[in-house]
Amino acid sequence: MTTAIDTDSQTRIKEIVCDVLELEEDEVTDSSLFKEDHGADSLRAIEILAGLEKEFKVTIEQSELERMVNLDGVYAVVGEALAAQK
Amino acid sequence: MTLSASAPATATRPVITAWSAVSPYGIGKDRFVSGVLAGQDTSTPLDSQEWAAPDSHACLIPGFALREVLGKKGTRSMDRVTGLAVTAVRDLLRDSGDRRTASDEETALVLGTTTGSAQSMMDFTRASLEGDKPFYVDPSLMPNAVMNCAAGQCAIWHNLKGPNTTIAGGRVAGLSALSYAAGLLASGRARTVLSGAAEEFSDARAWLDHHRRGEDGAGALLGEGCAMFMLESADPADAADRALAEVLAIQSRVYFDGDPGEALAACVDAVLRRGGVERDDVWAVSASGLAGSAGTREREVLTARFGAQVLDRAPAMSLVGDTAAASAAFQIGSLLAAAEQSAAPAGAVALVSSVDDNGVVACAALRLSAR
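Residues numbered from 1 in each chain as written. Chains lettered and ligands numbered in written order. Predicted model: local features only at pLDDT ≥ 70, side-chain atom pairs only at ≥ 80, totals over all residues.

Undergrad: Help me understand the environment of B:Gly116, please; the structure alone is not making it clear to me.
TA: Residue and element names in this part refer to chain B. In this fold, Gly-116 is placed in the loop between β5 (107-113) and α4 (118-130). A tally of 25 C-beta atoms within 10 Å means that Gly-116 is categorised as buried. Sequence spacing of Gly-116 and Ala-150 is 34 residues, and the spatial spacing of their C-alpha atoms is 7.5 Å. (Helix = DSSP H or I, 4+ residues; strand = E, 2+ residues; numbered from the N terminus. Buried ≥ 20, exposed ≤ 12 C-beta atoms within 10 Å, placed from the backbone.)

This is how it looks when you write it as structure tokens:
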């Protein structure tokens, strides 16, 4: 199931991810992989998860980290977490 | 409590072969040396946009924007005290270059501190208390709230794989670290030890100090920085050739009645005895120069022992403010600077006196190498 999220949220997610991974926004695409392409480790992944939880006031299970391998994956997970709250 | 790592007279004593400083004079040892020898005051008004401290002035490191100094990679969550230490260790390793004979595995790091970063500890706790959920915190900031963060990051950044130690010792921390470092060398746990101390300026520290500072310390300026020393065994001889100073002895004492006078006098006697030197051998004495009655008492005791001329050979440390944990490390640096400038007689002994108003005093005796 994929729940679309609005552009503003996508922009904010990208900012958070780029901040955690210490990347400029033009270095990341929706499909580039955090770990393989940007050198992220598991600690970075947790930081992204925690940053998103705080920003969007949602709870994301750690098992979702498996899907949060790139921006597309993160958009989907956050979209579902927001939808689950409604 | 006694810092008794001074080696027995028969064993080779450790030598300082290089050092670095990030100080209110700027980044780099040379800035510190020229500033401290010129007697340049480093007090600067605090920018109210940047700081929310109770003080109007402080002795800050000019231009220490962490991510500009160390780059953007790996620094997003780095706090100030960690940045100071990582920078000072970087400069130390760079300036000593290939002269370090020990491998990364044989290189230890010992860092003195008061309590790590009070600011990081308070920020992390505050975020948890104020957030909508207690776990809405930035996990990357958690390590900063632990006292040994700076020492650990120094090792990670610079690939130092030997023992990694943090010593919380207040103003005497630089000497406690040096003593511990000497122990690591003597016991064969390391061949080279990077030893020093760091203190950051922050709103949190300024407020803590504001509330605990006695009336007679009013008007004291806070300073910050980090000084690091490369400590090696004087054996083999090539290390002795490179030596800037030999660490003869380090001693400490405690006092309970608010007057450090007797404890300091006993500490001075002990360090001379352990170091095997006479009072007349002492060429320069660096006083910690604490504001208030403890500092006044320190100067009285030292002047009575050594005379004002010997004290005046060491640069005044009040110029860089109260650098707390970093203070004794800066004192060592100032003595090395003074020796370099004024051609200390061969074999001259320099003494560091460190007095903390929390009840601890410590002294170190160094034999300055002929330059």
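There's more to say after this.
Undergrad: For this particular structure, what's the right way to read the UniProt feature "domain: Carrier" (unreviewed entry) in chain A?
TA: UniProt marks residues 7-82 of chain A with the feature "domain: Carrier" (unreviewed entry), using the numbering shown here. A distance of 14 Å separates the end C-alpha atoms of residues 7-82 of chain A, which is 62% helix and 0% strand. (UniProt positions renumbered as here; feature names shortened; annotations may be inferred.)

Undergrad: Honestly, the interface of chain B and chain A in this entry has me stumped. Any pointers?
TA: Reports often express the size of an interface as the amount of accessible area lost when the parts come together. In this complex, chain B contributes 9 residues to the contact, which on the side of chain A involves 9 residues. Considered class by class, the residues forming the side of chain B that touches chain A number 2 nonpolar, 2 polar and 5 charged. (Contact = placed C-beta atoms within 7 Å. Nonpolar A, V, L, I, M, F, W, Y, C, P; charged D, E, K, R; others polar.)

Undergrad: Teacher, can you tell me more about helix α3 (residues 80-96) of chain B here?
TA: Under the 1.5 Å per step criterion, the end-to-end length of α3(B) is 24 Å for 17 residues, consistent within 8% with the ideal 24 Å. Directly after α3(B), the chain includes B:Gly97, whose backbone phi takes a positive value near 50°. (Expected span 1.5 Å × (residues − 1).)

Undergrad: Looking at this structure, how should I read the nonpolar core?
TA: For soluble globular proteins, nonpolar side chains are generally found buried alongside one another. Counting 120 residues, the largest nonpolar core has B:Ala85, B:Ala197 and B:Ala227 as the members making the most contacts within it. By size, the runner-up hydrophobic cluster in this structure holds 17 residues, among which are A:Ile16, A:Val17, A:Val20 and A:Ala81. (Core = buried A, V, L, I, M, F, W, Y, C linked by C-beta atoms within 7 Å.)

Undergrad: Just checking my understanding: could you explain unusual backbone geometry for this structure?
TA: Glycine aside, negative phi is the norm for most residues, and most peptide bonds take the trans geometry. One non-glycine residue with positive phi stands out, namely A:Lys57, at about 50°. In this fold, A:Lys57 is placed in the loop between α3 (42-56) and α4 (71-85). Under the C-beta neighbour-count criterion, A:Lys57 is labelled partly exposed, with 14 such atoms within 10 Å. A positive phi angle is found at B:Ala324, which is not glycine, with a value near 50°.

Undergrad: Would you explain the pairing of strand β7 (residues 192-199) of chain B in this entry?
TA: Note on strand geometry: in a regular strand, side chains alternate between the two faces of the sheet. Residues and elements named next belong to chain B. The element β7 is extensively covered by neighbouring structure, given that 8 of its 8 residues are classed as buried. Where burial is concerned, the two faces of β7 agree: the one with Thr-192, Leu-194, Gly-196 and Ala-198 and the one with Val-193, Ser-195, Ala-197 and Glu-199 are both buried. Relative to β7, β5 runs parallel, the two sharing 6 bridges. Of the residues in β7, the one forming a bridge with Thr-107 is Thr-192. Pairing of β7 with strand β8 (residues 225-233), which is carried by 8 bridges, proceeds in the antiparallel orientation. Residue pairing across strands places Ala-197 opposite Ala-227, the latter belonging to β8. (Pairing = 2+ DSSP bridges.)

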